[in-house]
Structures are given as C-alpha cells and as structure tokens.
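# Architecture at a glance
Listed below, chain by chain, are the residues.
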Amino acid sequence: MPQSSRVPPGRAGRMWLHRRIDAAERGRDQLDRKLRILLPELQRRRLQADRFDREWTEACAAARTWLLRVVLLGGEDAVAGATAVAPARVEVTWASTMGLGYPSGAELLTGELTRSVPPANAAVVPAAHAHQEALRVGVRSAAAHEAVRRVEAEIAITRRRMRALDRRWIPWLHASLAEREAGLEQAEREDGVRLRRAAAAEDRGREDRSGSRGARP
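Rules used throughout
- Residues numbered from 1 in each chain as written.
- Predicted model: local features only at pLDDT ≥ 70, side-chain atom pairs only at ≥ 80, totals over all residues.
- Heavy atoms only, no water.
- Pairing = 2+ DSSP bridges.
- Helix = DSSP H or I, 4+ residues; strand = E, 2+ residues; numbered from the N terminus.
- Core = buried A, V, L, I, M, F, W, Y, C linked by side-chain atoms within 4.5 Å.
- Buried < 20%, exposed > 50% of the residue type's maximum accessible area, 1.4 Å probe, protein only.
- Contact = heavy atoms within 4.5 Å.
- Salt bridge = Lys/Arg side-chain N within 4 Å of Asp/Glu carboxyl O.

### Observations regarding the pairing of strand S2 (residues 100-109)
Taken together, the 9 bridges between strand S1 (residues 89-97) and S2 define a ladder with antiparallel strand orientation. Within S2, the residue paired with valine 90 across the bridge is leucine 108. Here S1 folds back onto S2 in antiparallel fashion, the turn holding 2 residues, of which methionine 98 has a positive phi close to 55 degrees.

Rendered as structure tokens:
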C-alpha cells in the first residue's frame, strides 16, 4: 500500500494527487486496451496450436508406419543407413502485438534427406519423407505453443497490473485526495474564522479609540 508520507503537504499535495490519478487512470485504460487486443490473439494462437497438434499426431503415425516397413524389409541396419546427411535447421519468424514478441511461425530447413548411398529397400525414401513431414509439423506446433505461452503470460501480467490499479493504487489515490480536500476545506474555514475575528477585533479597537477621543474635554 502506498504511504501517505509520499504526498506533498497542502495544495501541492492536492495537485500531486490529481496528476497521479490522471496517470493511473490513463494507464488502466491502456492496460484494458492491451487486454482486449491480446485475448483474441490468444484464441487465434490456441486454435493454431491445436491444428498443428492434430497434424503432428497424424504425421507421427505415418512416420511410425513407414519406419516399421523399413525395419521389416531391411532390419535395423537399413534404419542406420538412412540417417540424414546433416542436422535439420529451423527458421523461426516473429510477430509483435502491443510490444509483446512471440513466434508467428517456424519452417524446417533441410538438405539431403538420406546419405548418398543407395537406400537399403523401397521403404527408406518414403520413410525419410514421412519423418521430415512429422518434423516439419512438429516445429510448427512447438512455435505455436511458445506463442500461446508468451501471450498467456503477458495477459496474466496485464491482469495483475490492472488488479493492482483497481484494488489498491487508484482507490488509495482517491481516498487520499478526499482526505486532502477535506483538510484543506477545514483549514480554509478556520482561516476564515480567524480573519473574521481579527477584523472584528480591529473594528472594536477603532471604535474604542474613536470613543476615547470623543470623551476628552
């Protein structure tokens, strides 16, 4: 909870509180706008991740089927001889929404699928293509899930900040301003009473001095 000692005294404190209230309410509006933009984006990213998951499941099943055929036709040696020439590389593209960066896609970059030696049997090349497709969809799924994770985290942070403004900071500012306004109003009333009393005393003093001069022989 903020400390009252942070507020400057007197009318300067009232101006300070007004400025802080304006800034807090503008910040709250910006957070609300950010949330309204991120929530639909999260929905789109979740749908995309679900679609890639389904495609990945189907691609993995096809890859397993072709791998079994390779083993049945040529044994494990056929699998060892079909390993890729070079490691696969992944290129990730990025997007940004309301200052938040997240993967918008990922593509698999590969060269030769298998070694330059002739395949051990007719199932090797289709199996290599099936595994490449599974890997391609897998990296897309991974990128989509990372996007979901990042957007979800940003939404959670935004909601926490909005709750802090709504439940603590803005109410405290308004309460402090009301307290300061009441104090200033009371001080003004007291100043008015003192001024009226001082004016009345001065009037009485003038009357007494006038009376004293008129009473002289």
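### Brief notes about the nonpolar core
Core analysis: the biggest nonpolar cluster contains 24 residues, and Leu17, Val151, Ile155 and Leu173 have the highest contact counts within it. Looking at this core, the elements with two or more residues in it are helix H1 (10-80), S2 and helix H2 (124-214). A total of 11 residues in this core trace back to one element, the largest contributor, which is H2. Ignoring anything within four residues of it in the chain, the contact list for leucine 173 reads Trp16, Leu17, Arg20, Ile21 and Ala24. Counting 5 residues, the second largest nonpolar core, distinct from the first, contains Val70, Ala123, Val124 and Ala127.

### Concerning the pattern of salt bridges
According to the stated counting rule, one finds 13 salt bridges in the structure shown. Glutamate 181 is the partner of arginine 14 in a salt bridge, and the nearest nitrogen-oxygen pair spans 3.1 Å. Of this pair, arginine 14 sits in helix H1 while glutamate 181 sits in helix H2, and the two are 167 residues apart along the sequence. Taking relative accessible area as the criterion, arginine 14 reaches 22% and is therefore assigned partly exposed. What makes glutamate 181 partly exposed here is its relative accessible area of 29%. The salt bridge partner of glutamate 133 is arginine 136, with a shortest N-O separation of 3.7 Å. Pair noted here: glutamate 133 and arginine 136 are both in helix H2, with a separation of 3 residues, about one helical turn.

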